[in-house]
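# Fold and contact review
Residues per chain are reported as follows:
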Amino acid sequence: MRFRHPDGTTVHLAYCTNVHPAETLDGVLAQLREHCEPVRRRLGRDRLGIGLWLAKDAARALGSDPAALRGLRCELDRRGLEVVTLNGFPYEGFGSEEVKYRVYRPDWTDPERLDHTTALARLLAGLLPDDIDEGSVSTLPLAWRTRPTEAAHTALRTLGERLDALHELTGRSIRVGLEPEPGCVVETTADAIAPLTAIGHPRIGICVDTCHLATSFEDPHTALAALGATGVPVVKSQLSAALHAEQPHLPAVRTALAAFDEPRFLHQTRTRTPSGLRGTDDLGEALAGRALPDTAPWRAHFHVPLHAAPAAPLTSTLPVLITALSRLVGGPQPLTRHLEVETYTWQALPPELRPATRGRLADGIAAELALARDLLTDLGLKELP
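Residues numbered from 1 in each chain as written. Predicted model: local features only at pLDDT ≥ 70, side-chain atom pairs only at ≥ 80, totals over all residues. Heavy atoms only, no water.

We now examine the UniProt feature "domain: Xylose isomerase-like TIM barrel" (unreviewed entry) in the chain. The residues that UniProt annotates with the feature "domain: Xylose isomerase-like TIM barrel" (unreviewed entry) are residues 62–227. With 47% helix and 15% strand, residues 62–227 has end C-alpha atoms that lie 35 Å from one another. (UniProt positions renumbered as here; feature names shortened; annotations may be inferred. Helix = DSSP H or I, 4+ residues; strand = E, 2+ residues; numbered from the N terminus.)

Okay, structure coming up:
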């Protein structure tokens, strides 16, 4: 979906296909047919943006066969879909029964992460619509916090050189954004400033995920103002909402939270204390014993559907998303032109909240996009055909 900002800029809205993970090119093509096109039809649009997740095997198949890349581009066109952004954070296995810490490997200390991200940038240059010359790729924020990161900085400088060469070759500018996430070396937007200013490359910036922003209790105005003041570009933003528990000491609240403690993904949990932010790597750890103080609200890294907050006594951090969006695209000029709804946890929700059919999932994704569309038009952007 495309929108015209009051300054004349085109802003793109997409949804991320990591919600239906596929490891192979055949799986990606099936996504377009079985999921993405039905979402577009529910929205009544002739064109829908999607943020593709291309796992290692799918990316290699496309990179080794120019005809396959052309075929994917034709299939996108045929189904009324377009791609200006890729999710390059998960490398493989995002549909596994247990993902947890595996999603952070390979990290930016491993040459394979550099090669994979370079490949994604090259593929995106070939997938961009004919009238668009800028794309974006989100990636993990260097590494999980226990890893040394000196080699990561060198790898990102090499990536910048490769992105420059790609622009010279194709005329298309592909930018890569580190996506701060709780528990990682770069956990917050503030953590991103030092490494990104040290790298100092205009095609390497930040991807602001509003669930992660909220989980770390960052104030959107403060965070985005700091990025602007230091010249760190916001390459893209993922529109997502975290799980919020106002009174985690209450038994009813803890029971409600326990329903979201599931075995597939990490759900890093945070709270604010007088001495600073405290957290656990997973929701179950927070619920067990006294691992986390419960005298102030908790937030958990669980991407809940934007349009359907959990039932009381829980809620979502949708207000943080709304505030961030107003700062991102509600000003005289947009701070980013790429927005991506990223609720990948539909099938990790408590059983009674999971979509039971493919059609129900499409209904839910379409509802999320409709909410995001309405937020954008409320900010003065005009939806384009």
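For the structure shown, the criterion picks out 29 salt bridges. Where E34 meets R358, a salt bridge forms, and the shortest distance between an N and an O atom there is 3.7 Å. In this pair, E34 sits in helix α1 (residues 25–43) while R358 sits in helix α12 (residues 358–378), placing the two residues 324 residues apart along the sequence. A relative accessible area of 27% means that E34 is categorised as partly exposed. For R358, a relative accessible area of 47% corresponds to the partly exposed category. It is possible to trace a salt-bridge network through shared partners that takes in E37, R40, R41, E75, R78 and R79. (Salt bridge = Lys/Arg side-chain N within 4 Å of Asp/Glu carboxyl O. Buried < 20%, exposed > 50% of the residue type's maximum accessible area, 1.4 Å probe, protein only.)

Within the open sheet, the five strands sit side by side as β11-β10-β12-β9-β13. Their pairing is antiparallel. Strands at the two margins of the open sheet, each flanked by one partner only, are β11 (276–280) and β13 (314–316). Strand-to-strand twist across the sheet, computed as the mean angle between neighbouring axes with direction ignored, equals 30 degrees. Relative to β13, strand β9 (residues 241–245) is paired through three bridges, and the arrangement is antiparallel. Note that in β13 the partner of L243 across the bridge is S316. (Pairing = 2+ DSSP bridges. Axes fitted to C-alpha atoms, helices over the stretch in contact; angles between N-to-C directions.)

Glancing now at the packing of aromatic side chains. In this structure the tally under the stated criterion is eight aromatic pairs. Arranged with centres 6.0 Å apart and planes meeting at 55 degrees, the rings of W53 and F94 form a pair that is tilted. Here W53 is found in the loop between β3 (48–52) and α2 (56–63), whereas its partner F94 is found in the loop between β4 (81–87) and α4 (111–127), with 41 residues between them in sequence. These aromatic residues form a ring-pair network of at least three members: W53, F94, F265 and Y344. (Phe/Tyr/Trp six-rings, centres within 6.5 Å; stacked < 30°, edge-to-face > 60°.)

So, about the packing of α2 against α4. At a minimum axis distance of 10 Å, the contact between α2 and α4 shows a crossing angle of 55 degrees. Looking at the two axes, α2 sits oblique to α4. Read as a crossing pair, α2 and α4 show a hand that is left-handed. Residues K56, A59, R60, L62 and G63 of α2 form the contact with α4, whose own contacting residues are E112, H116, L120 and L123. Along the lines of polarity and charge, the residues of the contact of α2 with α4 split into four nonpolar, two polar and three charged. (Parallel < 35°, antiparallel > 145°, perpendicular 65-115°, else oblique. Left-handed = near helix turned anticlockwise from the far one by under 90°. Contact = heavy atoms within 4.5 Å. Nonpolar A, V, L, I, M, F, W, Y, C, P; charged D, E, K, R; others polar.)

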